[in-house]
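Structural features, examined
Spelled out from the first residue to the last, the chains are:
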Amino acid sequence: MTRIVTIGSAQMGPIAKDEGRQAVVQRLLTMLRQGAEQGCDLIVFPELTLTTFFPRWYMTDPAEVDSWFETEMPNAATQPLFDEARKLGVGFYLGYAEKVTEGGAVHHYNTAILVEKSGEIVGKYRKTHLPGHAEFEPERPFQHLEKRYFEPGNLGFPVFQAFGGVMGMCICNDRRWPETYRVMGMQGVEVIMLGYNTPRYFAPAPGLNHLADFHNHLVMQAGAYQNGAFVIGTAKAGVEEGCDLIGESCIIAPTGEIMAQCKTMGDELIVATCDLDICTDIQKNRWNFAGNREPAYYGAITASKGVVSPFE
Ligand code: CDV
């Protein structure tokens, strides 16, 4: 029996700072219904889907910061999305800012959940690689304060049995690190979903700005190919509150080939039919980790965070 999953990548155009969650959810519902019409089993929404990308502003008032976070999921604003998912039988990946009390302490994470066709949450991931900075940096044209507002995720890179396959998640900057894909690859992942908000202007290395679209696809295509998995990358795109965000959301096959790609910088759904048995074939025959990897020589990857020069 073949394992076909029809997957949509639901790119979003900009979300204004004063656009409420209810209005955003209406946009998500429109694309969820489009996905149902096109036979989707699963739709991938962007990172921090429910609001504008708030880490571009420096805030000192904890109450103001917390106003961007969700304390429960689903909640009043997002319940219609869960209800419609159940009604249509279409699951989704959703990124949002999560405030949670765990172990007697309050935590803030950049989170994504996987919701099955039943409307039940079947997986959660918290962003591991947080880019940006923690304090105001006046030389930047806009701030990127993820290190101020979020803690690194504490869940690792789990995979989940859902939609008839092995599903994994990551978020935006995670896609640039090969370890993200490999840790899921070592668990037999078949579909890796990720949302992103990527400014075209990268303050620490602006000389690379003209390659932003290339690097976006480069890392996702490499991750897909090297692990024999589908990768679904979904942007929030366009000029959001003066910040130019890249688009080119795409669905990538386990061969590394792009199967579908957004053409606009606005709300746009692309769809691809994904045969998960292609992953089985490639993971067994092209890669065969068990027969070819040499983990005894990979220790440096987990032994330290930074480079340890053998010459010093
Ligand atoms: N939201 C992100 O994680 N953005 C980063 C930018 C800051 C480089 C990214 O990797 O796309």
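Structure first, text after, so check above.
It should be emphasised that the depicted structure is a prediction, and the values quoted were computed from it without experimental measurement.

1. With respect to the packing of aromatic side chains
One pass over the structure, following the stated rule, counts eleven aromatic pairs. Relative to Phe92, the ring of Phe82 has its centre 5.3 Å away and its plane inclined at 80 degrees; by these criteria the two rings are edge-to-face. Of this pair, Phe82 sits in helix 3 (residues 79–88) while Phe92 sits in strand 3 (residues 91–102), and the two are ten residues apart along the sequence. The class of Phe82 is buried, set by a relative accessible area of 1%. Judged by centre distance (5.1 Å) and plane angle (70 degrees), the rings of Tyr225 and Trp287 are edge-to-face. Note that Tyr225 is positioned in helix 6 (residues 212–227) and Trp287 in helix 7 (residues 277–287), a separation of 62 residues in sequence. Its relative accessible area of 33% is what places Tyr225 among the partly exposed residues. Put simply, the rings of Phe54, Trp68, Phe69, Tyr149 and Phe150 pair up and form one aromatic cluster. When the ring centre of Trp57 is taken as reference, the NZ or CZ atom of Lys17 above it lies at 4.3 Å.

2. Thoughts on the site of the ligand
Close to the ligand lie 13 residues; Lys127, Cys172, Asn173, Arg176 and Thr198 are nearest. Taking Glu47, its side chain carries an N or O atom lying 3.1 Å from a nitrogen atom of the ligand. In the environment of the ligand, a nitrogen atom lies 3.0 Å from a nitrogen or oxygen atom belonging to the backbone of Asn197. For the ligand, whose accessible area on its own is 320 Å², the fraction buried by protein is 94%. Of the residues contributing to the shell around the ligand, the split by class is four nonpolar, four polar and five charged.

3. A closer look at the state of the cysteines
What the rule picks out here adds up to zero disulfides. With no disulfide of its own, Cys170 has Cys172 as its nearest cysteine by sulfur position, at a separation of 9.2 Å. Of the residues examined, Cys170 reaches a relative accessible area of 0% and is grouped as buried. With no disulfide of its own, Cys279 lies 8.3 Å from the sulfur of Cys274, the closest cysteine sulfur. The class for Cys279 is buried, based on a relative accessible area of 0%.

Reading the values: the criteria
- Residues numbered from 1 in each chain as written.
- Predicted model: local features only at pLDDT ≥ 70, side-chain atom pairs only at ≥ 80, totals over all residues.
- Heavy atoms only, no water.
- Phe/Tyr/Trp six-rings, centres within 6.5 Å; stacked < 30°, edge-to-face > 60°.
- Helix = DSSP H or I, 4+ residues; strand = E, 2+ residues; numbered from the N terminus.
- Buried < 20%, exposed > 50% of the residue type's maximum accessible area, 1.4 Å probe, protein only.
- Lys NZ or Arg CZ within 6 Å of the ring centre and 35° of its normal.
- Near = heavy atom within 4 Å.
- Polar contact = N/O pair within 3.5 Å; in protein donor to acceptor, adjacent residues only side chain to side chain.
- Areas by Shrake-Rupley, 256 points an atom, 1.4 Å probe, with all protein chains shown as cover.
- Nonpolar A, V, L, I, M, F, W, Y, C, P; charged D, E, K, R; others polar.
- Disulfide = S-S within 2.5 Å.

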